[in-house]
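# Observations on the three-dimensional arrangement
Spelled out from the first residue to the last, the chains are:
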Amino acid sequence: MRSEIKELTSGLSHKWDKTETLAMFEKFCDIRYFEYEVKKAYDKDIIHMPVYLSIGQEAISSSLAVVLKKFNPAIFAQHRAHGMYISFGGNLDELRDEILHKGTGCAKGMGGSASIHSPAIRMYGHDGLMGTQVPIGVGHSYSQNYKANKKDYSIIVMGDASAEEDYVLGALGYAAHKKLPILFICEDNNLSILTEIKVRRNWKIVDVAKSFGMTVAETVDDPWSIMSHAKNLSNNLPAFLNIHTARSVWHAGTGSDGPPEWDRFDLIKKDLDNIGLKKEAEEIENNSKEKMEELWKTQL
Ligand SMILES: Cc1ncc(C[n+]2csc(CCOP(=O)(O)OP(=O)(O)O)c2C)c(N)n1
Ligand SMILES: [Mg+2]
């Protein structure tokens, strides 16, 4: 079970600009259909390293990109990072090739699914140790911002388990102390591989970030809520946003233990229908599916 969630949808969809809403949905579809193709390739034994899929969690990166891409932020994500790369405009051929370990991949085929790296979009690949992207990203931000009047934004993404690492907590404190322009995101799927939060800790990461003096917020992965929070928090950095989400597949690989507690894809489509965007949404989804099938066609 995921952590206790009271409201699955925010009711904010009708308040958002329709162009931004559709841009978010397009990114969401691109991640989902890209990863369905990864699943096909993995299940055919074409990929010989672990893959870390974001299926179920796509609303996080797709919503953040719509609101924050304009800042051209440096991005430090962790092992589950295809979504951030796709949402922030990473080259899709290079992502496919990285997952296939080809020299034409975005990390020259040496990182694989867990280390998606692209200087072109200011995204720095993960090294495999949970949470290290947090102190590294904070150090990067300090190096970019220590001179007066300089503002170079960063987004640092961690999982709910990585948030427990001691070096993450120290880095959060330092970022708060130095008032660095960083938005910290916790993709809270309630799981460390298979272990739920309730057996790992009895404290909340937002309480820790708040105690350091950061602005904090917590939400479920409704995209309109994420976009609203990201917009507000980006005026008040450093800030920490914890997002409850539901991963559909195993920690690594493509297996599943049955349907997740909720599938954000279905919930968003209902909202899009309610605000009169059903036709546009269907067209976007079909295009995205075709685009990703075409992208992988020669490899499968
Ligand atoms: C320091 C360290 N300890 C343990 C591991 C093994 N490990 C890899 S991912 C993972 C769980 C990560 O959970 P979370 O940060 O919540 O991200 P999620 O996989 O849920 O997206 C663990 C225990 C590791 N890579 N690094
Ligand atoms: Mg987790």
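These remarks concern the structure in this document. (Residues numbered from 1 in each chain as written. Chains lettered and ligands numbered in written order. Predicted model: local features only at pLDDT ≥ 70, side-chain atom pairs only at ≥ 80, totals over all residues. Heavy atoms only, no water.)

Moving on: the coordination of the magnesium ion (ligand 2). Protein-derived ligands of the magnesium ion (ligand 2) are Asp160 (OD), Asn189 (OD1) and Leu191 (O), with the metal-ligand distances lying across 2.1 to 2.2 Å. One chain supplies every donor to the magnesium ion (ligand 2), and in sequence these donors are spaced D-x28-N-x1-L. Since its relative accessible area comes to 4%, Asn189 is described here as buried. The exposure class assigned to Leu191 is buried, which follows from its relative accessible area of 16%. (Donors = N, O, S within 2.8 Å, 3.2 Å for Na, K, Ca; no water. Buried < 20%, exposed > 50% of the residue type's maximum accessible area, 1.4 Å probe, protein only.)

Summed over all chains, the structure comprises ten aromatic pairs. Between the aromatic rings of Tyr33 and Tyr36, the centroid separation amounts to 5.5 Å while the plane-to-plane angle is 85°, which identifies the pairing as edge-to-face. In this pair, Tyr33 and Tyr36 both sit in helix 1 (residues 18–43), three residues apart, roughly one turn of the helix. A relative accessible area of 10% places Tyr33 in the buried class. Looking at Tyr36, the relative accessible area reads 33%, which means it is partly exposed. Among the aromatic residues, those joined into a cluster by ring pairs are Phe25, Phe28, Tyr33, Tyr36 and Phe265. Positioned above the aromatic ring of Trp203 is the side chain of Arg201, whose terminal nitrogen or guanidinium carbon lies 4.8 Å from the ring centre. Stacked on the ring of Phe265, the Lys or Arg Lys269 has its end atom at 4.0 Å from the ring centre. (Phe/Tyr/Trp six-rings, centres within 6.5 Å; stacked < 30°, edge-to-face > 60°. Helix = DSSP H or I, 4+ residues; strand = E, 2+ residues; numbered from the N terminus. Lys NZ or Arg CZ within 6 Å of the ring centre and 35° of its normal.)

This brings us to helix 5 (residues 133–145). Residues three or four positions apart in an α-helix share a direction because the helix packs 3.6 residues into each turn. For helix 5, spanning 13 residues, the distance from its first C-alpha to its last is 18 Å, which sits close to the expected 18 Å at 1.5 Å a residue. Three or more residues of helix 5 are buried, namely Gln133, Val134, Gly137, Val138, His140, Ser141 and Asn145. Buried residues of helix 5, viewed axially, fall in a sector of 160°; they line one side. Elements in contact with the buried residues of helix 5: strand 1 (74–76), strand 2 (123–124), strand 3 (154–159), helix 6 (166–178) and strand 4 (182–188). (Expected span 1.5 Å × (residues − 1). Arc of directions from axis to C-beta. Contact = heavy atoms within 4.5 Å.)

As a further point, take the pattern of salt bridges. Considering all chains together, one arrives at 19 salt bridges under this definition. Two residues, Arg96 and Asp93, come together in a salt bridge whose shortest N-O distance is 3.4 Å. Placement of the pair is Arg96 and Asp93 together in helix 4 (residues 92–99), with a separation of three residues, close to one helical turn. Look at Arg96 and you get buried, because its relative accessible area is 9%. Put simply, Glu282 and Lys278 hold a salt bridge, and the shortest N to O gap is 3.7 Å. Highlighted residues: Glu282 and Lys278, both in helix 10 (residues 278–297), separated by four residues, approximately one helical turn. Overall, the relative accessible area of 42% leaves Glu282 in the partly exposed class. Classification of Lys278 by relative accessible area gives partly exposed; the value is 45%. (Salt bridge = Lys/Arg side-chain N within 4 Å of Asp/Glu carboxyl O.)

With that settled, the discussion passes to the packing of helix 5 against helix 6. To characterise two packed helices, one gives the angle between the axes of the helices and the distance between these axes. The geometry of helix 5 relative to helix 6 is characterised by a closest axis approach of 8 Å and an angle of 20° between their N-to-C directions. Considered as vectors, helix 5 and helix 6 are oriented roughly parallel to each other. The interaxial crossing formed by helix 5 with helix 6 has left-handed handedness. Each of Val134, Pro135, Val138 and Tyr142 in helix 5 lies in contact with helix 6, whose residues at this interface are Tyr167, Val168, Ala171, Leu172, Tyr174, Ala175 and Lys178. Here the residues of the contact of helix 5 with helix 6 are counted per class, giving ten nonpolar, no polar and one charged. (Axes fitted to C-alpha atoms, helices over the stretch in contact; angles between N-to-C directions. Parallel < 35°, antiparallel > 145°, perpendicular 65-115°, else oblique. Left-handed = near helix turned anticlockwise from the far one by under 90°. Nonpolar A, V, L, I, M, F, W, Y, C, P; charged D, E, K, R; others polar.)

Around ligand 1 sit 18 residues in total, of which His79, Arg80, Gly128, Ser162 and Asn189 are the nearest. The side chain of Gln78 places a nitrogen or oxygen atom 3.2 Å from an oxygen atom of ligand 1. At 3.3 Å, a side-chain N or O of His251 approaches an oxygen atom of ligand 1. Protein chains shield 77% of the accessible area of ligand 1, which is 590 Å² for the free molecule. (Near = heavy atom within 4 Å. Polar contact = N/O pair within 3.5 Å; in protein donor to acceptor, adjacent residues only side chain to side chain. Areas by Shrake-Rupley, 256 points an atom, 1.4 Å probe, with all protein chains shown as cover.)

When you tally the buried positions in helix 8 (residues 223–233), you get eight out of eleven residues, the bulk of the element. Where helix 8 is concerned, the buried positions are Pro223, Trp224, Ser225, Ile226, Met227, Ser228, Ala230 and Leu233. At the N-terminal end of helix 8, a side-chain oxygen is found 2.9 Å from the backbone nitrogen of Trp224, two or three residues along, and the residue is Asp222.

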